[in-house]
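# Examining the three-dimensional arrangement
Each chain is listed here by its residues.
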Amino acid sequence: MVTDLMDKLTHIFGQGLSNSFYLVLQQAIRVGSAFEGWSPCAEDVVYCVLAPLSPPPGHAFHLELDTVGMPQKNFCVRVELLCTCTREQLGENMLCFLHHPEEELRRKQDPSLLHTLCTGFCLDVEKTVHWFYQFMRVAWLLLPQSCHWRSMLQPSSCSCKFQLSKDEESLMVETIFGVRQGDSDIFVGSQPAEVGIPSTTWLETVAVAEAKFFRHISRKAPHDGWHCKCLQLLTCILMGVGFSSYTLKTVVMHLLNTIPPTRWCRKVLRQRLVDILKYIHCSLETKQLNHFIIGNERFPTEISLLSDFRVAEPLNLFQHLASNPDAHTKARHEYIHLLHR
């Protein structure tokens with residue numbers, strides 16, 4: 001239902017904004033735990049999609065590395081105006097933003113993206129989200145789902161969240177926005193940033209590549225594959241313990257890359273749970289948990305990565321434990337707490 005909803009929304013956006021110079025929405029991509037098959041808590045499931053953004057005619061995107069953070073890189077999506085004089089000569093109804101007088105452009109043409117959703121020359125996350133919210137209010141009335149479902153928009157500065165409800169049913173949908181890096185499955189996305197980070201900052205995300213990895217495993221797994229159930233079970237147990245669900249997801253992805261999917265069936269569930277706990281224990285002792293994608297030469301080749309990802313220096317997600325003895329001691333106590341549970 002969420003996929004169908006987003007497809008229809010994308011179509012309405014394309015139709016309604018075809019003569020403007022706002023962003024172009026591409027088909028949304030399913031990401032996150034709900035679509036990967038392991039949502040930890042059934043009551044709080046969030047169906048998350050990433051909506052790829054493309055520049056409108058006469059514009060181009062250039063990704064500029066802002067600062068290098070841990071574990072993500074920060075980017076600015078710089079917007080450049082392109083000459084469209086040739087298109088005008090071919091009879092297309094578009095004036096060139098670079099070579100027509102500003103007065104004529106103001107009278108005859110909608111403003112460029114630089115004057116609507118940018119701060120300076122960079123695409124602004126908050127302005128983009130606000131623009132989507134505003135159009136979503138109108139577009140919802142044109143959707144067939146609006147006849148049976150109520151939509152309640154949830155305020156957010158970095159994504160568009162809306163709750164759908166009908167009788168006793170309810171579900172939460174979150175749309176994050178992203179710009180693809182080259183032709184890879186790596187994006188820069190409108191995800192929450194640290195306090196003080198400007199709204200023109202877009203964070204590198206591997207969410208699409210990870211979602212594709214889970215679909216890759218599911219195609220190879222038997223019908224009674226329990227790899228997602230293992231992850232779901234342990235994330236439920238982890239609630240209230242200091243380990244993040246992403247830490248556990250990283251461990252399970254590493255094991256899925258070494259233990260064949262056929263060895264994740266119900267009869268060996270206990271052994272797989274033990275394997276996961278042993279992996280966590282080993283990572284704690286060595287203070288080393290490598291990022292699953294960055295620096296992983298064994299990552300499936302059918303999933304498109306940036307050229308330097310596979311050969312990069314592995315990124316240690318437990319670096320903070322190596323540099324902070326108190327954090328390491330706390331993490332070891334949390335692991336013992338997890339074992340007791």
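Given the structure is predicted, the values throughout are model-derived calculations rather than measurements. (Residues numbered from 1 in each chain as written. Predicted model: local features only at pLDDT ≥ 70, side-chain atom pairs only at ≥ 80, totals over all residues. Heavy atoms only, no water.)

Take the environment of Leu231 next. By the secondary structure assignment, Leu231 is in helix H7 (residues 227–238). Between the alpha carbons of Leu231 and Gly242 there is a distance of 16 Å; along the sequence they are eleven residues apart. Dropping the residues within four chain positions of it, Leu231 is found in contact with Trp38, Phe214, Leu248, Lys249 and Val252. (Helix = DSSP H or I, 4+ residues; strand = E, 2+ residues; numbered from the N terminus. Contact = heavy atoms within 4.5 Å.)

Taking 1.5 Å of rise per residue, the 15 residues of helix H1 (residues 2–16) would be expected to cover 21 Å, and the 21 Å separating its terminal C-alpha atoms lies within 8% of that figure. What H1 keeps buried is the set Val2, Leu5, Met6, Leu9, Thr10, Ile12 and Phe13. Along the axis of H1, the buried residues cluster in a sector spanning 165 degrees; they form a single face. Across from the buried face of H1, at angles greater than 90 degrees, the exposed residues are His11 and Gln15. For H1, the elements touching its buried residues are strand E1 (24–25), helix H2 (32–36), strand E3 (46–54), helix H5 (125–139), strand E9 (160–166) and strand E10 (169–180). (Expected span 1.5 Å × (residues − 1). Buried < 20%, exposed > 50% of the residue type's maximum accessible area, 1.4 Å probe, protein only. Arc of directions from axis to C-beta.)

Here the focus is the packing of helix H8 (residues 245–256) against helix H9 (residues 269–286). Relative orientation of the contacting elements H8 and H9 amounts to 115 degrees, with a least axis distance of 10 Å. By the angle between their axes, H8 is roughly perpendicular relative to H9. Between H8 and H9 lies a crossing whose hand is right-handed. Here Leu248, Val251, Val252, His254 and Leu255 of H8 come into contact with H9, specifically with Asp275, Ile276, Tyr279 and Ile280. The residue inventory of the contact of H8 with H9, partitioned by class, reads seven nonpolar, one polar and one charged. (Axes fitted to C-alpha atoms, helices over the stretch in contact; angles between N-to-C directions. Parallel < 35°, antiparallel > 145°, perpendicular 65-115°, else oblique. Left-handed = near helix turned anticlockwise from the far one by under 90°. Nonpolar A, V, L, I, M, F, W, Y, C, P; charged D, E, K, R; others polar.)

Per the stated rule, a full pass over the model turns up eleven aromatic pairs. Pairing Phe213 with Phe214 gives two aromatic rings, centres 6.2 Å apart and planes at 80 degrees, and the pair type is edge-to-face. Phe214 gets classed as buried once you look at its relative accessible area, which sits at 2%. Lying across the ring of Trp226, Lys229 places its NZ or CZ 5.1 Å from the centre. (Phe/Tyr/Trp six-rings, centres within 6.5 Å; stacked < 30°, edge-to-face > 60°. Lys NZ or Arg CZ within 6 Å of the ring centre and 35° of its normal.)

Let's shift gears to the domain arrangement of the protein chain. One frequent convention defines the size of an interface as the accessible area lost when the parts assemble. Split by domain assignment, the protein chain resolves into domain 1 (1–205) and domain 2 (221–340). Domain 1 and domain 2 are separated by 32 Å when their C-alpha centres are compared. With 14 residues of domain 1 in contact, the opposing surface of domain 2 contributes 15 residues. In total, about 1300 Å² of surface goes out of reach between domain 1 and domain 2, with carbon and sulfur atoms giving 66% of it. Counting the contacts that link domain 1 with domain 2 gives one salt bridge. Lys249 is the salt-bridge partner of Glu36, the closest N and O atoms lying 3.1 Å from each other. The interface formed by domain 1 and domain 2 includes four residue pairs in polar contact (both at pLDDT 80 or more). (Domains from an automatic or database assignment. Buried area = accessible area lost by both parts, 1.4 Å probe. Salt bridge = Lys/Arg side-chain N within 4 Å of Asp/Glu carboxyl O. Polar contact = N/O pair within 3.5 Å; in protein donor to acceptor, adjacent residues only side chain to side chain.)

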